[in-house]
Amino acid sequence: MSSDAPILFFDSGIGGLSILEPTRALIPTAPIVYAADNAAFPYGTRSETEIAARVPALLGRLTERVRPRLVVIACNTASTIALDHVRAALDVPVVGTVPAIKPAAEQTKTKIIGVLGTQATVRQPYVDNLSAQYAADCTVLRHGSAALVELAEQRLAGEDVDTQAVVGAAQPLFDQPGGDRIDTVVLACTHFPLLADWLRAAHPGVAFIDGGQGIARRIAYLTNGQQWPSTAPEGTAIFTATPPPALAKALAPYGLTRITSL
Ligand code: DGL
């Protein structure tokens, strides 16, 4: 394994940065390629059939192009629908991002957990299975929001985003029967940690958790003992459609200074 083989992160947009950031904290000189399928953004309003066909095909092309040491599907929607298909199609290790229901079940006191994801993620059997396996003694309430995904993209791109729009888009989770007793919310979309400060401020008694740190540890574990460059190389962001110009500026703090298209 050459030291300059990158880790390939994949999302529909900029949500995967919430996985990239804790990964860079653990492996600071890791070569990074970040791929955003913004031509098909948002994934959360697409069908299972579309995602299951699109994601493995795209990751096949990306893998041929950048020869990664590891692929991270930094997207809950793509992972809960297409993780098995991607693993079957690629011959590199693949790490998925699935809702952090297990840690939520371990820490909830009220035994009422919220899962905030995309519309596609919250209806997946994968989420039913995680709930049955790890949270059988809890009530798991779900809400899918496309608005929150858009708001996270806008915020990162430096647009004027209204805090109340973010808080309002999450509110239906808490308005369900039992929702007022939720004490732990799983941010089951990688875009949402980018809005977590506002959600926390609006719900002070509620813990908002995501899988970012756990996935970063998993990546570090799977690449343990491999060679890394002595200094961090420039990271590359690959978009499937022309990104808004403001985004390029927003990616630089994440080490992504080369912007290209597929
Ligand atoms: N960031 C993605 C996720 O974790 C998908 C957002 C979208 O494109 O709808 O689910």
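Preceding this section is the structure that the text describes.
Everything in this summary refers to the structure shown in the same document. (Residues numbered from 1 in each chain as written. Predicted model: local features only at pLDDT ≥ 70, side-chain atom pairs only at ≥ 80, totals over all residues. Heavy atoms only, no water.)

## Comments concerning the site of the ligand
Around the ligand sit 14 residues in total, of which Ser12, Tyr43, Asn76, Thr77 and His191 are the nearest. At a separation of 2.6 Å, an oxygen atom of the ligand approaches a polar side-chain atom of Ser12. At 2.8 Å from an oxygen atom of the ligand is found a main-chain nitrogen or oxygen belonging to Asn76. Protein chains shield 99% of the accessible area of the ligand, which is 300 Å² for the free molecule. (Near = heavy atom within 4 Å. Polar contact = N/O pair within 3.5 Å; in protein donor to acceptor, adjacent residues only side chain to side chain. Areas by Shrake-Rupley, 256 points an atom, 1.4 Å probe, with all protein chains shown as cover.)

## With respect to the pairing of strand 5 (residues 112-117)
Here is the key point about a regular strand: its side chains alternate between the two faces of the sheet. Along strand 5, 6 of the 6 residues are buried, which leaves the element largely enclosed by surrounding structure. Residue alternation in strand 5 divides its side chains into two sets, Ile112, Gly114 and Leu116 and Ile113, Val115 and Gly117, and both sets are buried. Pairing of strand 5 with strand 6 (residues 139-144) involves 6 bridges; the strand directions are parallel. Along strand 6, the bridge assignment pairs Gly114 with Leu141. Of the pairings in the sheet, the one linking strand 5 to strand 7 (residues 184-187) comprises 4 bridges and is parallel in character. Bridge pairing in strand 7 links Ile113 to Thr184. (Buried < 20%, exposed > 50% of the residue type's maximum accessible area, 1.4 Å probe, protein only. Helix = DSSP H or I, 4+ residues; strand = E, 2+ residues; numbered from the N terminus. Pairing = 2+ DSSP bridges.)

## Notes on the packing of aromatic side chains
One pass over the full model with this rule turns up 1 aromatic pair. With a centroid separation of 6.4 Å and 45° between ring planes, the pair formed by Phe10 and Tyr43 is classed as tilted. Placement of the pair is Phe10 in strand 1 (residues 7-11) and Tyr43 in the loop between strand 2 (32-36) and helix 2 (48-66), with a sequence separation of 33 residues. With relative accessibility at 1%, the residue Phe10 sits in the buried group. Looking at Tyr43, the relative accessible area reads 2%, which means it is buried. Between the NZ or CZ atom of Arg69 and the centre of the ring of Trp228, over which it lies, the distance is 3.8 Å. The aromatic ring of Trp198 is capped on one face by Arg155, whose charged end is 3.8 Å from the ring centroid. (Phe/Tyr/Trp six-rings, centres within 6.5 Å; stacked < 30°, edge-to-face > 60°. Lys NZ or Arg CZ within 6 Å of the ring centre and 35° of its normal.)

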